[in-house]
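Listed below are the residues making up each chain.
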Amino acid sequence: MSSVLYDTPGPRAKRRNVLLSIVFTVLLLLLLWWVWQKMDDKNQLEWNLWEPFTTSEAWTTYLLPGLGDTLKAAAISMVIALPLGAVFGIARMSDHAWVRGAAGTVVEFFRAIPVLLLMLFANEFYVRSTDISSEQRPLYAVVTGLVLYNASVLAEVVRAGILSLPRGQTEAAYAVGLRKGQTMTSILLPQAVTAMLPAIVSQLVVIVKDTALGGVMLGFTELLNARSTLAANYANVIPSFIVVGIIYIIVNFLLTSFASWLEQRLRRSKKSTGAVLGEDTEINPAAVGGTFGTGGEGGGPSGFTFNDKPPR
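The structure displayed is predicted, hence computed values, not measured ones.

*Asks:* A description of the pattern of salt bridges should follow, citing residues and the corresponding values.
*Replies:* Applying the stated criterion across every chain yields a total of six salt bridges. With a closest N to O distance of 2.6 Å, E156 and R92 form a salt bridge. Taken together, the positions of E156 in helix α6 (residues 137–163) and R92 in the loop between α3 (56–91) and α4 (97–112) put the pair 64 residues apart, joining distant regions of the chain. In this pair, the class of E156 matches that of R92, namely buried. The partner of R128 in a salt bridge is E124, with the nearest N and O atoms 3.4 Å apart. Here R128 and its partner E124 are both found in helix α5 (residues 115–129), four residues apart, which amounts to about one turn of the helix. Look at R128 and you get exposed, because its relative accessible area is 70%.

The structure is reproduced here in C-alpha cells:
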C-alpha cells in the first residue's frame, strides 16, 4: 500500500533494503568492536574503574542528587515555559497589530539567542541586581535561560499547531455564537494539543539535556556536574561519562514513552463512539426512543417516527 511519503517497495527494493540493513549492522558491530578494543588498550575496562557504580556511595552521594537537581530544574522550566509559550503563540495570531507585533518581537528575539548566553546573562543579572544566595543563584539562572528560550520555541509550536487545523473549525465555532477567546480555548487548543504533542515532547527532552550547560558554565550541581566530582574522586572519567549518558537515555526514553502513551490516549478519546450502520443493520426502536412503521400516532406515512405519548 502506498502512502503520501513513499510507494510500497517492490521485490528489488525489498532485497536492496535487506542488504543495506545487513551492511549497516555489520559496520555498527565493527565500530563497537573497535571502541571496545581502544578502551581495553587504555585500561578503561578494568573492574576497579566500574566498581564504584556497584556501591551505594557513588549513587547516593553524587549521581542521584545530581539527577534530582537536573529533574528539578527541568520540571520548573517545563511548568513555566509551556503556558508562557502558549500565551505568546496565541498572541502572535491576535487581531490587534500591536499585540501581534510585540509578541513576535519577543519570540524572535529570545529564539535567536543561544540558551547558554541567556543563562550567563541571567546569572550576572541575579548577581548584580538581586539578593539571591550564591547556592540558589545557579538554579535561578538555569531556569531563567531555559524558560526564555524554550517558551519562544514552544510559542511557534503552538502557533503552527493551531494554524494546521482546518479553517472550518473556527467558522463553525463562530456560527454557533462563540467568541474568539472561547473558540481558542474550547475548540482550537484541545484539538491542536494532539498535533503539537510530538514537537512539545521533543522540546521537553531538549530542556532536560540543556540543564547540563548550567553545570558546566555556572557550577549548577546537576547530573553532569556531579559526574565530574565523582570522576575526580574515583579517577574513572570515561566510565562515568558512559554511565551518565545511559542515565540521560533512560530519562528521555521514559519521557518520550509517556508522551507517546498520552498522545495515543488523546487520539482514542477524540474518536467517535457512534457505530456505523450498514444496509442490513436492524435498529432497535427502544434504543433510539422512537418507533418504525408505516404510519400511526405521532408519525408520518412511513419511516422513522417518535411516539410522543407516554406508555400506558
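Still more ground to cover, so stick around.
*Asks:* Give me the side chain of E156: which residues, what numbers.
*Replies:* The exposure class of E156 is buried, given its relative accessible area of 15%. A polar contact of 2.6 Å, which involves the side chain of E156, links it to the side chain of R92. Look past the residues within four positions of E156 in its chain and what remains in contact with it is R92, V107, E108 and R111.

*Asks:* Explain α6 to me, using residue names and the numbers behind them.
*Replies:* Every α-helix carries 3.6 residues per turn, so stepping three or four residues along brings you back to the same face. Taking 1.5 Å per residue, 27 residues should reach 39 Å; α6 reaches 39 Å between its end C-alpha atoms and fits that length. Here α6 lies mainly inside the structure; 21 of its 27 residues are buried.

*Asks:* Please give an account of the packing of aromatic side chains that cites residues and values.
*Replies:* In total, this model carries six aromatic pairs according to the counting rule given. Relative to F53, the ring of W50 lies with its centre 6.4 Å away and its plane at 55°, an arrangement referred to as tilted. Residue classification places W50 among the partly exposed positions, given a relative accessible area of 23%. Residue F53 is classed as buried on the basis of its relative accessible area of 11%. Between Y126 and Y140, the aromatic rings sit 6.0 Å apart at their centres with planes inclined by 80°, giving edge-to-face as the arrangement. Highlighted residues: Y126 in helix α5 and Y140 in helix α6, separated in sequence by 14 residues. When its relative accessible area of 14% is taken as the criterion, Y126 is described as buried. By way of ring pairs, the aromatic residues F125, Y126 and Y140 are connected into one cluster.

Quick notes on the rules
Residues numbered from 1 in each chain as written. Predicted model: local features only at pLDDT ≥ 70, side-chain atom pairs only at ≥ 80, totals over all residues. Heavy atoms only, no water. Salt bridge = Lys/Arg side-chain N within 4 Å of Asp/Glu carboxyl O. Helix = DSSP H or I, 4+ residues; strand = E, 2+ residues; numbered from the N terminus. Buried < 20%, exposed > 50% of the residue type's maximum accessible area, 1.4 Å probe, protein only. Polar contact = N/O pair within 3.5 Å; in protein donor to acceptor, adjacent residues only side chain to side chain. Contact = heavy atoms within 4.5 Å. Expected span 1.5 Å × (residues − 1). Phe/Tyr/Trp six-rings, centres within 6.5 Å; stacked < 30°, edge-to-face > 60°.

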